[in-house]
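Listed here are the chains, written in short residue letters.
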Amino acid sequence: MTYPVATPALSPSTGAPIPIRDLLPWAVFFGVLMLVLLYFVGTEQGALTVFSGESVHEWVHDGRHLLGFPCH
């Protein structure tokens, strides 16, 4: 008795790796975005405040405690 043998399908080409030149703008964008978020969570409503009032502080209050930033 013979069994049918499946031939392996050709895998699609993975292509060349993505060049650093194409990744660099995205890395810079996300790096700046993370720094802005770190600023708002870490120092907004402190010595280097940009917005007056307590609104930003209330929005990021729990995040500050989660990351270990003192705010009281």
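Residues numbered from 1 in each chain as written. Predicted model: local features only at pLDDT ≥ 70, side-chain atom pairs only at ≥ 80, totals over all residues. Heavy atoms only, no water.

Undergrad: Got a minute to help me understand the overall build of the protein chain in this structure?
TA: Looking only at helices and strands, one finds two helices and zero strands in the protein chain. Within the protein chain, the proportion of its 72 residues that are buried is 12%. Within the protein chain, contacts between residues separated by at least 24 positions form 16% of all contacts whose residues are at least 6 apart in sequence. Split by element, the accessible area of the protein chain, about 6,600 Å² in all, is 72% carbon and sulfur. (Helix = DSSP H or I, 4+ residues; strand = E, 2+ residues; numbered from the N terminus. Buried < 20%, exposed > 50% of the residue type's maximum accessible area, 1.4 Å probe, protein only. Contact = heavy atoms within 4.5 Å. Areas by Shrake-Rupley, 256 points an atom, 1.4 Å probe, with all protein chains shown as cover.)

Undergrad: What's the story with a nonpolar patch on the surface in this structure? I'm lost.
TA: A cluster of nonpolar side chains, contributed by I18, I20, L23, L24, V28, V32 and V36, occupies part of the molecular surface with about 650 Å² of accessible area. One can find I18 in the segment before helix 1 (20-42). (Patch = residues over 30% accessible without salt bridge, like charges linked within 9 Å, V, L, I, M, F, W, Y side chains within 5 Å. Salt bridge = Lys/Arg side-chain N within 4 Å of Asp/Glu carboxyl O.)

Undergrad: So what exactly am I meant to see when it comes to the environment of G68 here?
TA: For G68, the position within the fold is in the segment after helix 2 (55-67). Separated by 26 residues in sequence, G68 and G42 place their C-alpha atoms 9.1 Å apart.

Undergrad: Got a minute to help me understand the environment of F69 in this structure?
TA: With respect to the element layout, F69 can be found in the segment after helix 2. Once the C-alpha coordinates of F69 and G42 are considered, the two residues, 27 residues apart in sequence, prove to be 6.2 Å apart. F69 has contacts with L38, V41, G42 and R64, leaving out every residue within four places of it along the chain.

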